[in-house]
Amino acid sequence: MAVIKVSVFCLMALRFARYSAIFNTSTCCLVYARNINMKSAPIIVFYFACLAFGHFEYGCESIPAILEHYGYPYENHTVTTADGYILEMFRLTGPVKEAKPVIVMQHGISASASSFLENGKSSFALYLADRGYEVWLPSGRGTRYSKQHREYSYDSYEYWNFTFEDLGVKDTRAYLEHICNVVKQKVYYLGFSQGFIQMLAAFSLDPEFFKSRVRKIVGWGAVTRLDLASHVGMALVELVKVWPLVKHLPLTHMGSFDMSSCLAMSKTCSTHRMLCRAKALMGDDFLPYHSNPYTGFAADVSCMKTMEHLAYNTYEKGFFRHPSHGERVEYDLGKVEGVPIGVCVGEQDLLATPANARWLEAKFKSNGNFKIIGIYNYLGHRTFATSYTKFQHYTDTYIFLQQ
């Protein structure tokens, strides 16, 4: 036990030291190590090991390079949110300019629009484009493609002062206003992980806007109740315990890591699952790292305030607004009606667990518009986008969209 606590302390010190020269790093880490729940220690050690020693870079080629490589025509579009963020989107138009169904695919945390192209020619965005869909890939604030703001610099506190609710209420709203003005029809929406919950949060706060623009909503790795997320949930609870200290540190966002660094540990993980739990992210059918630059994990940054919001929900055991809006102010999912919702669930996913899907099913039972599209024994959290040989969730999602 003592060894694990010391490891957490050392790794956190390395992590913070790498990005900021600060006095109280050691104090913060000591408090964290002293108060840590030992059941969550293995995943915390693994996480900070990756952050401290991982290879920090964008994991694959840019979206334009990938689309040009595979011969898919595209357009760049830019929108500005109500609070000044300048966001980039990519529109896969297809070879024929004609009316076709339109889908918006929203990435999750520590990712960008590249998420839906990580699997190269086998990516779901290209799967849908091949079947006649017009695909839009927006990239949220702070990510590789959307770093600009009308007033704030990228490294300022003001730039990173947002939660996942802001991503939905401001970013998703701006995307949909622009896209619907361009295509002149309602759109389908697929949200991966945080991309799903930002839609639920925004929809519950402004249902008329979203009902008028969205046909169906699909959730992949549909996280809402992170307290149902096994060891990962417990690790986030630890963040709540030390947040009064952490929020005073000059750390607004965390650089993600190239997952190839973790894939290199895959044999270790299969032997010592409690050491790193990498398969909780990957599942059994993940895309192996190799030299093809057009596939790979598209790592990106995470906003610390968004992490705090997720941790708060985990600690309070529900789906709540950020505490700046008041204590335990719950999103009213009863207002998310009039639009069919379907989720895909991975049995090996420790973030968006089957228990989480059943909680959602109970929440939406009264309106009859919710469906668990499928539960897949080969999927961990990240493998929704990076399955290597198994694609049943592609087929089932496509069928749900077509129905």
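In the block above lies the structure referred to throughout.
Calculation criteria
- Residues numbered from 1 in each chain as written.
- Predicted model: local features only at pLDDT ≥ 70, side-chain atom pairs only at ≥ 80, totals over all residues.
- Heavy atoms only, no water.
- Buried < 20%, exposed > 50% of the residue type's maximum accessible area, 1.4 Å probe, protein only.
- Helix = DSSP H or I, 4+ residues; strand = E, 2+ residues; numbered from the N terminus.
- Contact = heavy atoms within 4.5 Å.
- Phe/Tyr/Trp six-rings, centres within 6.5 Å; stacked < 30°, edge-to-face > 60°.
- Lys NZ or Arg CZ within 6 Å of the ring centre and 35° of its normal.
- Pairing = 2+ DSSP bridges.
- Right-handed = clockwise from strand over helix to strand, strands pointing away.
- 1 Å grid on protein atoms, 1.4 Å probe; cavity = no way out; pocket = protein on both sides within 12 Å on 5 of 7 lines; lining within 4 Å.
- Points joined across faces, edges and corners; volume = space filled by probe spheres on them.
- Nonpolar A, V, L, I, M, F, W, Y, C, P; charged D, E, K, R; others polar.

Visitor: Give a detailed account of helix α15 (residues 354–363), specifying residues and quantitative values.
Guide: Within the sequence span of α15, burial applies to Pro 354, Asn 356, Ala 357, Trp 359 and Leu 360. Packing partners of the buried residues in α15 comprise α7 (194–205), β10 (341–346) and β11 (370–376).

Visitor: Which residues make up the packing of aromatic side chains, and what values do they have?
Guide: Geometrically, a pair of aromatic rings is defined through the distance of the ring centres and the angle of the planes. According to the stated counting rule, one finds 27 aromatic pairs in the structure shown. On the numbers, 5.1 Å between centres and 55 degrees between planes, the contact of Phe 391 with Tyr 394 is tilted. Overall, Tyr 394 belongs to the buried group, its relative accessible area being 1%. One aromatic cluster is present, formed by Phe 124, Tyr 127, Tyr 133, Tyr 188, Phe 192, Trp 220, Phe 384, Phe 391, Tyr 394 and Tyr 398 through successive ring pairs. Lying over the aromatic face of Tyr 85, Arg 141 brings its terminal NZ or CZ to 3.8 Å of the ring centre. The ring of Phe 162 has Arg 141 sitting right over it, with the charged end atom 5.2 Å from the ring centre.

Visitor: An account of the environment of Lys 365 is needed here, citing residue identities and associated values.
Guide: Tracing the sequence through the fold places Lys 365 in the loop between α15 and β11. As for Lys 365 and Gly 334, which are separated by 31 residues in sequence, their C-alpha atoms are 9.7 Å apart.

Visitor: Let's hear about the pairing of β11: which residues, and what values?
Guide: Moving residue by residue along a regular strand, the side chains alternate between the two faces of the sheet. Relative to β11, β10 runs parallel, the two being bridged by six bridges. Each residue of the ladder has a partner; that of Gly 342, found in β11, is Lys 371. With respect to chirality, the unit in which β10 leads through α15 into the neighbouring parallel β11 is right-handed.

Visitor: Tell me about empty space enclosed by the protein, residues and numbers included.
Guide: Tallied over the entire structure, the rule returns five cavities of 30 Å³ or more. In this structure, the second largest cavity encloses a volume near 140 Å³. Lining the second largest cavity we find 21 residues, and of these Arg 141, Thr 143, Phe 162, Leu 167 and Gln 194 sit closest to its centre. Secondary structure elements with two or more residues in the lining of the second largest cavity: α6 (164–183), α7 and β9 (301–303). Here the residues of the lining of the second largest cavity are counted per class, giving eight nonpolar, 11 polar and two charged.

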